[in-house]
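# Notes for the structure review
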Amino acid sequence: MGGMTLTTFALVRHGQTDWNAERRLQGSTDIPLNDVGRGQARDAVAFLSDRSWDAVVSSPLGRAAETAEIIAEGLGLKVARLVPELTERSFGPAEGLQAGPELEALRIPGGFRGGESDDDAASRGLGALEELAAEFAGKRVLVVAHGTLIRLTLNRAIGRTLDSVHNAVLNLAHHHVTDGWELEYFNGERVTADAGV
């Protein structure tokens, strides 16, 4: 059965922050949840409680760690640990900016000047998930992280280009030791085979 081991991941983006509401790039800047975001985290318990979870892990940034704590408490669990590799992709000097000429001036192929590239963030995120899949083989792991990191990681994992990840909704992916990754839910909706192609 070794080759058939299936590890299931819920990949949940943190709840809303004031910078999310203002459409500012956050990246590695440690912006806290706002009250809307705390409410979203509490609401997330409902769609996560219909399954059992073996472990909860989180990015160390406050907005993710607090989301994870709220969700874990609602599920009667504890956050097992914070995983530095799940930190949001760094946007460098672009952090804090909204869409506009200042942001566009920093844009380069695959990212922003002085920030982490799409490729590097995807490799880091997928590496973190594959380590968790080895550690929690055959289990169900709830991961709280960040929109861009989740999107880039899933893009790499399943070879598709996904849309932006919404705050505190269900993304459900399965890791097979032999067959790789399969995405079952994205932004709270079941994924069909031809979605996003």
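Residues numbered from 1 in each chain as written. Predicted model: local features only at pLDDT ≥ 70, side-chain atom pairs only at ≥ 80, totals over all residues. Heavy atoms only, no water.

### Describing the pattern of salt bridges
- Summed over the entire model, instances satisfying the criterion amount to 10 salt bridges.
- Among the ionic pairs, Asp50 bridges to Arg51, the shortest N-O distance being 3.3 Å.
- Glu116 is the partner of Arg124 in a salt bridge, and the nearest nitrogen-oxygen pair spans 2.8 Å.
- Taken together, the salt bridges that share partners define one network made up of Asp35, Arg38 and Glu66. (Salt bridge = Lys/Arg side-chain N within 4 Å of Asp/Glu carboxyl O.)

### Re the UniProt feature "binding site: substrate" (unreviewed entry) in the chain
- In the numbering used here, UniProt assigns the "binding site: substrate" (unreviewed entry) feature to Arg13, His14, Gly15, Gln16, Thr17, Asp18, Trp19, Asn20 and Arg63.
- Locating Gly15 in the fold gives a position in the loop between β1 (6-13) and α1 (18-21).
- Setting aside anything within four residues of it in sequence, one finds Gly15 in contact with Asn20, Leu33, Gly37, Gln40, Thr67, Asn167 and Ala168.
- With respect to the secondary-structure elements, Asn20 resides in helix α1.
- Of the residues examined, Asn20 reaches a relative accessible area of 16% and is grouped as buried.
- Ignoring any residue separated from it by four or fewer positions in sequence, one finds Asn20 in contact with Arg13, His14, Gly15, Gln26 and Asn167. (UniProt positions renumbered as here; feature names shortened; annotations may be inferred. Helix = DSSP H or I, 4+ residues; strand = E, 2+ residues; numbered from the N terminus. Contact = heavy atoms within 4.5 Å. Buried < 20%, exposed > 50% of the residue type's maximum accessible area, 1.4 Å probe, protein only.)

### Concerning unusual backbone geometry
- Even without glycine at this site, Arg23 takes up a positive phi of about 55 degrees.
- Relative to the helices and strands, Arg23 resides in the loop between α1 and α2 (35-48).
- Phi at Asn187 takes a positive value of approximately 50 degrees, unusual for a residue other than glycine.
- With respect to the helices and strands, the residue Asn187 is situated in the loop between β8 (180-186) and β9 (189-190).
- Asn187 gets classed as buried once you look at its relative accessible area, which sits at 15%.

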